[in-house]
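# Observations on the three-dimensional arrangement
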Amino acid sequence: MTAADIKAHIDPIRHEYADGRSLVLPALKYAQTEQGWLPPEALAAVAEATGYSQAYVESVASFYDRLYLEPVGKRVVSVCITLSCMLRGSDELIEGMCEHLGVEHSHGAVTTPDGAITIQEAQCLGACDKAPCIQVDAENTIGPLGQSEANALLDELRAADRPRELWR
Amino acid sequence: MPIMNNVYRHTTAGKHLTDLADYEAAGGYVALKKALGMDSDDVLYQFHRSGLRGRGGAGFPMGRKASFLPKDSPHPSYVVCNGDESEPGTFKDREIIEFNPFQLLEGIVMAGYAVRSHQTYIYLRGEYEHQANVLRAALAQAKAAGYVGDNIAGSGYACNVTIYLGAGAYICGEETALLESLEGKRGQPRLKPPFPAVAGLYHSPTLINNVETLAALPPIIENGGDWYAAIGPEKSPGSKLFSISGHVMKPGNYEIVLGDTTLRELIFDIAGGLRPGRAFKTCWVGGSSVPVLTEEHLDTPLDYESLQGVGTFLGSGGCIVMDDSGCVVRASLRLAHFYRHESCGKCSPCREGTNWMEKILQRMVDGTGRMEDLELLDSLFGRISGKTLCPLADGAIAPIKSSIKYFRDDFVRVIENGSPRPEPMWEVAGV
């Protein structure tokens with residue numbers, strides 16, 4: 001994604017902010033939709049489009065959980081493990097999902113060797129009524145999910161094409 | 001024990017008002033037209049009269065907060081809606097936005113009129129992209145119908161609403177961290193004062209209120225501040241959405257009149273009670289950052305004063321319930337993990353302290369804890385509490401400190417034996 005692409009995305013909303021720095025976060029989120037993470041070239045493009053240094057935009061990006069500075073899978077599956085979900089079995093759910101994917105469960109993000117799916121523990125997703133709940137990229141959080149439903153969802157995600165824009 | 005559908009009736013009546021025509025047919029935008037026919041100060045006065053307290057967690061009177069904005073500032077003033085909703089156990093704003101986005105849009109424009117602002121922002125947590133899309137669609141309809149934009153409803157008042165998304169950070173629900181994030185910076189809290197009312201967004205006067213607070217404004221203007229003030233107890237007027245989750249049969253959002261319903265009624269009647277054969281153990285009544293309660297507190301009425309009277313807070317109204325199958329030490333560890341993960345790192349007592357809290361609780365759960373760890377935790381709390389810029393660290397301490405106070409025997413048992421794995425997964429199909 002080029003700086004021009006990013007400018008085309010943020011220029012129409014620039015007038016809504018008294019300071020153009022506010023566009024850094026929307027620019028980062030938009031830049032991420034292409035590859036699903038922010039490689040150095042994407043950060044450079046955001047820097048050019050917003051007029052801030054690459055070091056600055058990277059420092060902002062590094063603050064937020066949903067901006068990725070390392071490669072992640074075609075789809076990112078976030079499994080909520082905070083208290084309400086824990087009380088309804090999120091720990092076993094994520095372990096079962098990792099087993100289904102053939103990856104080692106870790107507190108951080110782990111990606112399948114084929115790059116199809118990144119599975120990660122998430123802090124409270126704001127859907128405790130649906131516990132245990134999960135979120136695929138930034139789609140609507142779903143739940144409550146049993147193990148077999150969750151595994152079936154993983155199979156579906158693996159088989160499906162990547163969305164054109166990866167909002168995560 | 002009345003379940004109320006008065007203030008957020010459109011949200012909890014089961015009918016989703018995501019279409020403007022439906023919202024207008026349900027009485028929507030009558031209040032905004034009424035407000036725009038009044039003087040700004042009179043609208044503000046009605047907010048004040050209502051006694052509405054901030055529904056995000058702090059419970060500060062909304063009208064008073066709005067009255068702190070200087071009227072003679074050379075800078076433009078802003079209204080910012082806090083929709084970061086990241087407090088564990090809290091999911092009420094999500095449903096207001098999903099099911100009743102126009103009531104929020106009507107409320108925020110009304111607040112804008114009261115404080116003479118022409119630009120408002122709704123900051124949503126990054127995970128609420130779906131809710132943002134619902135809101136964007138509603139905003140487009142509201143703009144097309146002249147309820148947002150220039151010359152709103154023919155009144156000459158102009159107000160724009162901008163939706164802004166975060167990208168995954170609990171701390172951005174803290175108002176000054178939210179402003180930093182909205183200004184395109186790392187979301188770290190500011191030193192206060194100055195308060196946002198004086199120097200908020202872009203160093204300008206800013207009113208920040210939670211989604212639920214702003215959505216309460218249309219019925220207040222429609223019926224008058226005194227109408228709202230007459231609902232519930234004098235110091236905690238109105239109704240409140242409680243999000244209830246954890247070990248209850250019917251988790252969800254319920255609107256109740258403050259002071260009219262006890263914690264027992266919320267859990268056992270409204271939320272369907274516990275699984276058969278299970279007993280109540282504890283609950284985090286106002287989100288996870290508040291002191292826990294025990295069985296002896298179940299008959300406490302749910303309002304700001306009564307809950308403070310038993311040593312906790314109404315907070316966000318995110319009530320997490322745990323039955324006797326759960327382990328308080330394991331639950332404490334999970335919360336410590338949350339706060340350690342979400343500490344922004346600006347203040348060392350929080351950054352380091354939450355890390356140590358998690359480590360100590362982890363070794364207890366693993367069965368390698370020491371009896372002195374209870375004293376160590378206590379001394380740690382004293383070294384963190386009140387020594388940070390924002391309330392995150394105190395929120396991390398409150399549930400754990402109170403758990404040790406009420407369930408010391410459980411901690412001792414876990415230190416001696418570790419904590420067994422939780423019992424098998426909650427039967428999803430049976431719920």
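Everything numeric here is computed off the predicted structure, so don't read it as measured data.

Outside of glycine, negative phi angles account for most residues, and trans bonds account for most peptide bonds. Alanine 131 of chain A connects to proline 132 of chain A through a cis peptide bond whose omega is -5°. Relative to the elements of secondary structure, proline 132 of chain A occurs in the loop between β3 (117–122) and β4 (134–136). Following proline 193 of chain B, the chain continues to proline 194 of chain B via a peptide bond in cis, the omega torsion being 5°. Among the structural elements, proline 194 of chain B can be located in the loop between α9 (175–182) and α10 (196–199). Located in the positive-phi region is tyrosine 29 of chain B, a residue other than glycine, with phi close to 70°. Relative to the elements of secondary structure, tyrosine 29 of chain B occurs in the loop between α2 (20–25) and α3 (30–36). One non-glycine residue with positive phi stands out, namely alanine 153 of chain B, at about 50°.

With that out of the way, let us pick up the sheet that holds β3 of chain A. Residues and elements named next belong to chain A. Read from one edge of the open sheet, four strands run β2-β3-β1-β4, paired in mixed fashion. At either margin of the open sheet sits one strand with a lone partner, and together these are β2 (110–111) and β4. With two bridges joining them, β2 and β3 adopt antiparallel strand pairing. Pairing of valine 110 across the sheet is with isoleucine 119, part of β3. Those strands touched by helix α6 (residues 90–101) are β1 (75–80), β3 and β4, and its axis lies near 165° from that of β3.

Our focus in this paragraph is the packing of aromatic side chains. Scanning the entire structure with this criterion turns up 17 aromatic pairs over all chains. With a centroid separation of 5.1 Å and an interplanar angle of 80°, the aromatic rings of phenylalanine 63 of chain A and tyrosine 64 of chain A are classed as edge-to-face. Taken individually, phenylalanine 63 of chain A and tyrosine 64 of chain A each receive the classification buried, so the pair is uniform in this respect. Ring geometry for tyrosine 78 of chain B against tyrosine 202 of chain B: centres 5.8 Å apart, planes inclined by 75°, an arrangement best described as edge-to-face. With tyrosine 78 of chain B in strand β1 (residues 78–83) and tyrosine 202 of chain B in the loop between α10 and β4 (206–210), this pair connects stretches of sequence that are 124 residues apart. Each member of the pair, tyrosine 78 of chain B as well as tyrosine 202 of chain B, carries the same accessibility label: buried. Over the face of the ring belonging to tyrosine 304 of chain B we find arginine 53 of chain B, whose NZ or CZ atom lies 4.0 Å from the ring centre. In this arrangement the basic side chain of lysine 240 of chain B is found over the ring face of phenylalanine 242 of chain B, its NZ or CZ atom lying 6.0 Å from the centre.

On to the domain arrangement of chain A, then. Its domain assignment divides chain A into domain 1 (3–63) and domain 2 (75–159). Centre-to-centre separation of domain 1 of chain A and domain 2 of chain A, based on C-alpha positions: 29 Å.

It is worth spelling out the environment of glutamate 34 of chain A at this point. Residue and element names in this part refer to chain A. Relative to the helices and strands, glutamate 34 resides in helix α2 (residues 24–35). Separated by 64 residues in the primary sequence, glutamate 34 and cysteine 98 place their C-alpha atoms 26 Å from one another. Among residues more than four places away in sequence, those in contact with glutamate 34 are Met1 and Arg162.

So, about the pairing of strand β3 (residues 160–165) of chain B. Residues and elements named next belong to chain B. Within β3, six of the six residues are buried, leaving the element largely enclosed by the surrounding structure. Neither face of β3 is exposed, since Asn160, Thr162 and Tyr164 on one face and Val161, Ile163 and Leu165 on the opposite face are all buried. Pairing between strand β2 (residues 119–124) and β3: six bridges, direction parallel. Paired with tyrosine 121 across the strands is threonine 162, a residue of β3. Note that the unit made of β2, helix α8 (residues 129–144) and β3 has a crossover that is right-handed.

What follows deals with the environment of glutamine 135 of chain A. Tracing the chain through its elements places glutamine 135 of chain A in strand β4. A sequence separation of 95 residues divides glutamine 135 of chain A from proline 40 of chain A, and the C-alpha atoms of the two residues are 27 Å apart. A polar contact is formed between the side chain of glutamine 135 of chain A and the backbone oxygen of glutamate 139 of chain A, at a distance of 2.8 Å. A distance of 2.9 Å separates the side chain of glutamine 135 of chain A from the backbone oxygen of glutamate 127 of chain B, its partner in a polar contact.

Bringing the pattern of salt bridges into the picture now. Applying the stated rule across the entire model yields 34 salt bridges over all chains. In this structure, the salt-bridge partner of glutamate 139 of chain A is arginine 75 of chain A, at a minimum N-O distance of 2.9 Å. Highlighted residues: glutamate 139 of chain A in the loop between β4 and α7 (147–159) and arginine 75 of chain A in strand β1, separated in sequence by 64 residues. Look at arginine 75 of chain A and you get buried, because its relative accessible area is 5%. The shortest N-O distance in the salt bridge between arginine 49 of chain B and aspartate 226 of chain B comes to 2.9 Å. Placement of arginine 49 of chain B in helix α4 (residues 40–50) and of aspartate 226 of chain B in helix α13 (residues 225–229) is noted, with a sequence separation of 177 residues between them. Put simply, Arg75, Asp137, Glu139 and Arg168 of chain A are held in one network by salt bridges that share partners.

Residue and element names in this part refer to chain B. Judged by pairing direction, the sheet is mixed, and its four strands sit side by side in the order β6-β5-β8-β7 without closing on themselves. Because the sheet does not close on itself, it has two edges, and the strands there are β6 (252–257) and β7 (280–284). Adjacent strand axes in the sheet meet at a mean angle of 30°, parallel and antiparallel pairs treated alike. Pairing between strand β5 (residues 239–246) and strand β8 (residues 318–323): four bridges, direction parallel. What sits directly across from serine 245, in β8, is isoleucine 320. Strands in contact with helix α6 (residues 92–99) are β5 and β6; relative to β5, the strand with the most contacts, it is inclined by about 115°.

Calculation criteria
- Residues numbered from 1 in each chain as written.
- Chains lettered and ligands numbered in written order.
- Predicted model: local features only at pLDDT ≥ 70, side-chain atom pairs only at ≥ 80, totals over all residues.
- Heavy atoms only, no water.
- Helix = DSSP H or I, 4+ residues; strand = E, 2+ residues; numbered from the N terminus.
- Pairing = 2+ DSSP bridges.
- Contact = heavy atoms within 4.5 Å.
- Axes fitted to C-alpha atoms, helices over the stretch in contact; angles between N-to-C directions.
- Phe/Tyr/Trp six-rings, centres within 6.5 Å; stacked < 30°, edge-to-face > 60°.
- Buried < 20%, exposed > 50% of the residue type's maximum accessible area, 1.4 Å probe, protein only.
- Lys NZ or Arg CZ within 6 Å of the ring centre and 35° of its normal.
- Domains from an automatic or database assignment.
- Right-handed = clockwise from strand over helix to strand, strands pointing away.
- Polar contact = N/O pair within 3.5 Å; in protein donor to acceptor, adjacent residues only side chain to side chain.
- Salt bridge = Lys/Arg side-chain N within 4 Å of Asp/Glu carboxyl O.

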